[in-house]
Every structure is written in C-alpha cells, then in structure tokens.
Amino acid sequence: MPRQRTERLDRARVADTALRLLNDVGLDGLTLRAIAKELDVKAPALYWHFKDKQALLDEMATEMLRRMTAEAAVGPAAADWPEHLARAMRLLRAHLLRYRDGAKVYSGTHFTDLSYAPPMEAHLRVLADAGFTPAGAARAWLTAYSYTIGHVIEEQAAGEGPDLAARAERLADHPLAAAAGEELFRAHDRGFETGLDAVLTGIAHTMAPR
C-alpha cells in the first residue's frame, strides 16, 4: 500500500494554523503544544521552525502584515495625506479585529522579513510628497499608528463590556463617570473615528508643513 502523502510542515503552515487557532483560544491559550495538536504533530517538531512562542508571534504578525498589504494594494490612491493616513489606520484596525487579541499579537513584535518595507516606504512617501520632513513623516505615521494599536487593544479587551445599567447604578454618585459607559464600552466604531480625526487634526497643526 503506498504511503499517504502528508502536507509539509513549514513556517507558513505553522503561522497560518496559529492565526486560525488564535480566534478559538486567544493569546493566553495559544501554546506551541496546542498548535502542534492542531497540526497533528509532536510539539518538538515546531522548534525546528520557531525557538519559542515569541518567535512564532513575530511570524504571525508578519503574516498579518502580508495579508493587510495585499488588501491595501486594491483600490484607488488617496487624494491627500490625511485621507491616506485615515484609510491606512482604518485598514489596520479592520485587520487586527479579524483576530482575537489581534492587536496584542501585532504590537511589540519584530517582523521576520522585509515585508513591512514597501508599505512603510509608500506611506512615508505620501507624507514626504506633501512637504513633511523625513523625521516629521515618521513621527506623523507613528502617532496615528500608535493611536490605532492602542484603541484596538482596549476595544478587544473590553469585549461586550459591562451591563451599563448596572454600572450606572453603581456609579450613581459619579454621574460623569456613569455617563461615560456608552463611549467607553459600546461606541467603538464612532469612538475610533472621532479619535482618529482628533489625531489627524493634531498632526496637521503640529507636524504638517506650513
């Protein structure tokens, strides 16, 4: 009887499996042992490709970036730098939200190849062509990027959020804190757009060329 051919185990397959499993178990439950079980291999087999979980997270973040870059390549160019940054941040948020704890996985990691270089160059080029200095372009991009990452981390951590009526009752002596519940735990889409507009306005007033 001929031997059944099995799918080759490589970094790409491990990272893809890990990203799929992430939605089921979250970052805390994502272990090399759990991924190995999903792949139907022994855990030591993964160490040929990743020395530890952090190395795997780096590859997962890089794969997330590759997918995001491929999607960003579709569609017309933005008319000006604020629109360009806004589109880029909305796309980043949308991709991070596709994965449970996606922002935590993506932030603080080191990309494993130069996949980040072409999109970064393109984003900075839009700003440079608008008159930003190289340092100003980098700072503008990082400011918008940091806002987006932070917002999604909080958004994903909040989940469904608390019972707002019960929260308001507990905070009866603190009416402003009680009223903040809707903005803090429910209005994620509107809140992101409002904050993004504030960030871009701030960049325009403090970093953009006069």
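Residues numbered from 1 in each chain as written. Predicted model: local features only at pLDDT ≥ 70, side-chain atom pairs only at ≥ 80, totals over all residues. Heavy atoms only, no water.

1. Describing unusual backbone geometry
Trans is the common state for peptide bonds, and a negative phi is the common state for residues other than glycine. Of note in this structure, Asp40 is not a glycine but carries a positive phi near 60°. Within the fold, Asp40 resides in the loop between helix 2 (32-39) and helix 3 (53-72). You can call Asp40 exposed: its relative accessible area is 69%. You will see that Asp101, though not glycine, has its phi angle at about 60°, which is positive. Its location among the elements puts Asp101 in the loop between helix 4 (81-96) and helix 5 (102-106). (Helix = DSSP H or I, 4+ residues; strand = E, 2+ residues; numbered from the N terminus. Buried < 20%, exposed > 50% of the residue type's maximum accessible area, 1.4 Å probe, protein only.)

2. Digging into the UniProt feature "DNA-binding region" (unreviewed entry) in the protein chain
Following the UniProt record, the feature "DNA-binding region" (unreviewed entry) maps to residues 31-50 here. End-to-end, the C-alpha atoms of residues 31-50 are 12 Å apart, and along that stretch the chain is 40% helix and 0% strand. (UniProt positions renumbered as here; feature names shortened; annotations may be inferred.)

3. What to know about the pattern of salt bridges
With the rule as written, the count across this model stands at 14 salt bridges. The shortest N-O distance in the salt bridge between Arg20 and Asp16 comes to 3.4 Å. With Arg20 and Asp16 both in helix 1 (residues 11-29), this residue pair falls 4 residues apart, about one helical turn. Across the pair Arg98 and Glu71 runs a salt bridge, and its minimum N-O distance is 3.2 Å. (Salt bridge = Lys/Arg side-chain N within 4 Å of Asp/Glu carboxyl O.)

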